[in-house]
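# Structural overview
Each chain, letter by letter, is given below.
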Amino acid sequence: MTTTRIHPSSDTTRPPPLLPHRGGGSPSSSPTAAAALRFTVWKRSSMGFQGTDGFSVYDAAGALAFRLDNYSRRPKLFAGELLLMDGQGAPLLSLRPQIFIMHDQWNCYKASKESLGKRTISHQLFSMRKCSVLQKGHEAEVSMSACSTESGHTGQGPSFLVEGCFRRRNCKIRNSAGEEVANIMRKKAGTASDSLTLGDDVFSLVVEPNVDCTMIMAFVVVLDRICWKPYTPMICSS
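Since the structure is predicted, the reported quantities are computational estimates derived from the model, not experimental observations.

Now for the side chain of R67. On the secondary structure map, R67 appears in strand β3 (residues 64–71). Among the polar contacts listed, one links the side chain of R67 to the side chain of D69, at a separation of 2.7 Å.

The next point concerns the pairing of strand β8 (residues 138–144). Summarising burial for β8: 5 of the 7 residues are buried, a large majority. As judged from the 5 bridges shared by strand β7 (residues 124–130) and β8, these two strands associate in the antiparallel manner. Bridge pairing links F126 to M144 in β8. Here β8 pairs with strand β9 (residues 160–165) via 4 bridges, running antiparallel. By the bridge assignment, E141 is partnered in β9 with L161.

Here the focus is the packing of aromatic side chains. Per the counting criterion, the structure on display carries 4 aromatic pairs. Through a chain of ring-to-ring contacts, the aromatic side chains of F126, F160 and F219 assemble into a single cluster. Seen from the ring of F55, K43 lies directly overhead, with NZ or CZ sitting 4.7 Å from the centre. R169 extends its terminal NZ or CZ atom over the ring of F166, reaching a point 4.6 Å from the ring centre.

Each value, and the rule that gives it
Residues numbered from 1 in each chain as written. Predicted model: local features only at pLDDT ≥ 70, side-chain atom pairs only at ≥ 80, totals over all residues. Heavy atoms only, no water. Helix = DSSP H or I, 4+ residues; strand = E, 2+ residues; numbered from the N terminus. Polar contact = N/O pair within 3.5 Å; in protein donor to acceptor, adjacent residues only side chain to side chain. Buried < 20%, exposed > 50% of the residue type's maximum accessible area, 1.4 Å probe, protein only. Pairing = 2+ DSSP bridges. Phe/Tyr/Trp six-rings, centres within 6.5 Å; stacked < 30°, edge-to-face > 60°. Lys NZ or Arg CZ within 6 Å of the ring centre and 35° of its normal.

See the structure below:
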């Protein structure tokens, strides 16, 4: 399967930082409102090695937008750091599990070649954890760090909620006002009259205008870990 055949078509302009609802008019009311960005997420390392886990994320033009290479499904205590990179391999965000906590939680930090290895609270952007079974319909919740000014969230509740089922590739990410900021769905290939639903290793990610795609992709990576299911690596044929 070639990736160029499974990409949707959409505007590929990078949006400004992620901003939860601040009130006021809807962006869609503007005659020049930006279109949502569409990505194809492939659950495979861009390194191309057989038997590896990871992510390769392509924009609407088929260019590699994000990548996460060669991480394993070890228990959280031994999981180590996951590094989200851009298509050229430059570090963007670092994701680490929170050890010795009741809920399955991961923390996100700013990442750069200079800051790698420095995990102080001043670098933390958000924490994301799996919701309890009592929160029916909600998969995970995100709390932006106090030092993260781009969130714009000042309430007591979570900054973002994930509703639906990530394992089925059917979930939405909403901000604190209940507005949809991103949608994860099964990927279809072919024409509208003769389409084929692909397996769950390839799925679509739609990010609304004025939402930080890098942050949303970090949410997706964490969802892949806290909504865990056994990973069966591909085996080379003899």
